Amino acid sequence: MLELNDPSLLKQAALVNGEWLAPGADAIQVINPADGSVVGKVPACGASETSAAIAAAKAAWPEWRARTAHERAVLVERWHALVIENLADLARIMTAEQGKPLAEAEGEIRYAASFIKWFAEEGRRVGGRNVASPERDRRILVMVEPVGVAAAITPWNFPAAMITRKCAPALAAGCPVVIKPSEFTPFCALALAELALRAGIPAGLIHVLTGMPHEIGETITSSPDVRKVSFTGSTRVGSLLMRQCADTIKRLSLELGGNAPLIVFEDADLDIAVKSAMASKFRNAGQTCVCANRIFVHAAVEQEFLARLGAQVSALNAAPGFAPGSTIGPLINQAAVDKVAAHLADALDKGGRVVAEGQGREDGQFVRPVIVAGATSKMRLASEETFGPLAPVFRFESEDEAIAMANDTPFGLASYFYTRDLARAFRVAERLEAGMVALNTGSMAMEMAPFGGIKQSGLGREGGTQGIEEYLETKAFHIGGLEL
């Protein structure tokens, strides 16, 4: 039994217009990936519940958009305060349904809360501008207005942060939201929605539809009343949603797959490079879209880098998220385990060699972290996103070779590189094909910076000033006949 300070935060229900809908005979079980136990059940919502949520959101929109930015911000800030107040319970819910170590879950809740705070403040700064007119008796104002009903379709790997990164800017901008969380991890979304209601955000503005994605997604994408869809997930599903939204010409934000390179040049500070590689590659057991999927190391420092990284990886411990000393939780399902195993087998068959392996469990959905040296472009892990704790290391000889290898992918979400040469820093940053580039650091996801990719990694940005702009429309207001 999940021990919470406030057990009412574990909502085994869906939320539509302030009403909690209980599971029926077709309820979906939410499984703890660490031990296969049932965390709870949620309804299998379909077209009728989705349509009801959209209609309620549309009805609630006029009053919400009419409020001042300050009035909206006050309520969003109350939501932030309640999230921080209930951090321990939210983290326990996350570890139970998603599997990540409890300390890591607590870190995600703080990260999720940072978006609520940021966009409450950012909403106050939304404004238009005055455009210089070519005529004396005319004035031209550029105004911004909320786009309307927004839908947020979120993944299982960051089940709290992906909710707040979409919903906080929507609410602050004046938009109601309909949330479709992953069927693997609905309880974080439901708990956050409960706290939003307690904060005083009106019931019609936030809805959570639990269930399988097909029917809910089709209803959302076909509805002319949904004016914005924000999705985080695979490129395959993002492409499908883009096609489905075409008939109603919706605003889209798509944060899709990645295949991030991490480049270690010969002049890199190896302490920083190793620390960054650990943070980027093994956070959430490698189940992140911005994790270093391909590590490129200059031949001159390859052996030293492998030795240092290997020592760090060997100390990692695969264990249940609630267990003391856990640093790598279980993968989300058996398909994820099978993919890592297939990538590792393929790499070893094509000449790769294991140079370090972590400790802990390797049964069920647990995978020990591993480093494979001698990686080549012929291996599946070079072109496919592994989404697990497998770190391949490729060797390179020149800057041009490293950049060519890094860009040899249809994806362009994140890139990392390490050097102490200032000229090289600018050359490489400008040549890497990615929406986000990190120099001498392994982190880039923070509330005040835009987050998103190019190429098949998606379109639009979350976070930063750009994050709230995704929920605003621009209107040009021409005023003529002025006697000045």
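Every value quoted in this text rests on a predicted model; they were computed, and no experiment measured them.

Calculation notes
- Residues numbered from 1 in each chain as written.
- Predicted model: local features only at pLDDT ≥ 70, side-chain atom pairs only at ≥ 80, totals over all residues.
- Heavy atoms only, no water.
- Helix = DSSP H or I, 4+ residues; strand = E, 2+ residues; numbered from the N terminus.
- Polar contact = N/O pair within 3.5 Å; in protein donor to acceptor, adjacent residues only side chain to side chain.
- Contact = heavy atoms within 4.5 Å.
- Core = buried A, V, L, I, M, F, W, Y, C linked by side-chain atoms within 4.5 Å.
- Buried < 20%, exposed > 50% of the residue type's maximum accessible area, 1.4 Å probe, protein only.
- Pairing = 2+ DSSP bridges.
- 1 Å grid on protein atoms, 1.4 Å probe; cavity = no way out; pocket = protein on both sides within 12 Å on 5 of 7 lines; lining within 4 Å.
- Points joined across faces, edges and corners; volume = space filled by probe spheres on them.
- Nonpolar A, V, L, I, M, F, W, Y, C, P; charged D, E, K, R; others polar.

Caption draft 1: Structural context of the side chain of Thr164. If you trace the backbone, Thr164 turns up in helix α5 (residues 161-173). A polar contact is formed between the side chain of Thr164 and the backbone oxygen of Ala161, at a distance of 3.3 Å. When residues no more than four places from it in sequence are discounted, the contact partners of Thr164 are Ala112, Phe115, Ile116, Pro169 and Leu192.

Caption draft 2: Quick look at the nonpolar core. Counting residues in each nonpolar core, the largest one holds 67 residues, and the members touching the most others are Ile263, Val264, Phe305 and Tyr416. Considering each element in turn, this core owes the most residues, six residues, to helix α9 (residues 270-282). In this view, Val264 contacts Leu270, Ala273, Phe296, Val297, His298, Val301, Phe305, Phe396 and Tyr418; residues no more than four positions away in its chain are not counted. Residues Ala105, Ala113, Cys167 and Leu195 belong to the second largest nonpolar core, which totals 66 residues.

Caption draft 3: A look at the pairing of strand β6 (residues 139-146). Bridge count between strand β5 (residues 129-131) and β6: three bridges; the pairing is antiparallel. Following the sheet pairing, Val131 is matched in β6 by Ile140. As paired elements, β6 and strand β24 (residues 472-479) share eight bridges and run antiparallel to each other. Along β24, the bridge assignment pairs Glu145 with Glu473.

Caption draft 4: Summary view of empty space enclosed by the protein. Per the counting criterion, the structure on display carries two cavities of 30 Å³ or more. Considered as a void within the structure, the largest cavity measures approximately 50 Å³ in volume. Surrounding the largest cavity, 13 residues form its lining, Pro261, Thr409, Phe411, Gly412 and Glu433 being those nearest its centre. At the level of secondary structure, the elements contributing two or more residues to the lining of the largest cavity comprise β12 (260-264), α13 (399-407), β19 (411-412) and β20 (414-418). When the residues that make up the lining of the largest cavity are grouped by side-chain class, the tally is six nonpolar, five polar and two charged. Roughly 40 Å³ of internal volume is contained in the second largest cavity. Looking at the second largest cavity, it is lined by 14 residues, and the ones nearest its centre are Leu254, Glu255, Leu459, Gly460 and Glu462. Counting only elements with at least two residues in the lining of the second largest cavity, the list comes to β10 (226-232) and β11 (251-255). The residue inventory of the lining of the second largest cavity, partitioned by class, reads four nonpolar, six polar and four charged.

Keep in mind these values describe shape, not function.
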